Amino acid sequence: SPGNSFPGANVVARSATDPDAPHFSCVSDYLKSGDGAFVIPVPPGSYKLSIARIRPGFYEGSSVGPWAESKTDVSFTKRPKSGTHPLAVSVAANNSAPVTIEADLLP
């Protein structure tokens, strides 16, 4: 629900079977819809999804998504513990896999 959404986190998809395969990512709530949604286009396969913090130096011209435009933006003030609650997901060709990821926040 929008009250529990987490904008500005880096959601990462890693192959569940090949640690050397490319990783894919997207910033949550990239479209600023208020629901924390994200879409990561990936080839068919099994993936582990996790949350990663956006590095503090990635703001202004180097920003990662709309929640990292200044040092005080949400990506840097509401920080998840990286890697918390990894989730396994399988994706078939031409299909999507809706998921909800929970993350613990750093103090």
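From a predicted model like this one, the values you see are computed outputs, not experimental measurements.

Draft legend 1. Examining the overall build of the protein more closely. Along the protein, the regular secondary structure elements total 1 helix and 4 strands. Its C-alpha radius of gyration of 14 Å places the protein within 12% of the 13 Å reference for a compact globule of 107 residues. Here the C-alpha coordinates of the protein stretch approximately 40 × 30 × 25 Å along the principal axes. Buried positions account for 33% of the 107 residues belonging to the protein. Looking at the protein as shown, the accessible area adds up to about 6,700 Å², and 52% of this sits on carbon and sulfur atoms.

Draft legend 2. Highlighting the packing of aromatic side chains. Taken as a whole, this structure holds 1 aromatic pair when the rule is applied. Here the aromatic rings of Phe24 and Tyr47 are separated by 6.3 Å at their centres, their planes lie at 80 degrees, and the arrangement is edge-to-face. One end of the pair, Phe24, is in strand β2 (residues 24–27); the other, Tyr47, is in strand β3 (residues 45–52), with 23 residues separating them in the sequence. Overall, the relative accessible area of 8% leaves Tyr47 in the buried class. Seen from the ring of Trp67, Lys32 lies directly overhead, with NZ or CZ sitting 4.8 Å from the centre.

Draft legend 3. How the structure looks around the nonpolar core. Within the largest apolar cluster, 12 residues are counted, these being Phe6, Ala9, Val11, Ala13, Cys26, Ile40, Tyr47, Leu49, Ile51, Val89, Val91 and Ile101. Only β1 (10–15), β3 and β4 (87–91) provide two or more residues apiece to this core. If you tally residues by element for this core, the top one is β3, at 3 residues. When near neighbours in sequence (up to four residues on either side) are disregarded, Ala13 contacts His23, Phe24, Ile40, Val42, Tyr47, Lys48 and Leu49. Membership of the second largest hydrophobic core comes to 5 residues, among which are Ile54, Trp67, Ala68 and Phe76.

Draft legend 4. The environment of Ser96, seen in detail. For Ser96, the position within the fold is in the segment after β4. A relative accessible area of 66% places Ser96 in the exposed class. Along the sequence, Ser96 and Val42 sit 54 residues apart, while their C-alpha atoms lie 9.6 Å from each other.

Draft legend 5. Quick look at unusual backbone geometry. Its identity is not glycine, yet Asp29 carries a phi of approximately 55 degrees, on the positive side. With respect to the element layout, Asp29 can be found in the loop between β2 and β3. By relative accessible area, Asp29 is classed as buried at 1%.

Draft legend 6. Seen up close, the environment of Leu49. Its place among the elements puts Leu49 in strand β3. As a C-alpha pair, Leu49 and Val27 span 22 residues in sequence and 13 Å in three-dimensional space.

The rules behind these values
Residues numbered from 1 in each chain as written. Predicted model: local features only at pLDDT ≥ 70, side-chain atom pairs only at ≥ 80, totals over all residues. Heavy atoms only, no water. Helix = DSSP H or I, 4+ residues; strand = E, 2+ residues; numbered from the N terminus. Rg over C-alpha atoms; globule rule 2.2 N^0.38 Å. Buried < 20%, exposed > 50% of the residue type's maximum accessible area, 1.4 Å probe, protein only. Areas by Shrake-Rupley, 256 points an atom, 1.4 Å probe, with all protein chains shown as cover. Phe/Tyr/Trp six-rings, centres within 6.5 Å; stacked < 30°, edge-to-face > 60°. Lys NZ or Arg CZ within 6 Å of the ring centre and 35° of its normal. Core = buried A, V, L, I, M, F, W, Y, C linked by side-chain atoms within 4.5 Å. Contact = heavy atoms within 4.5 Å.

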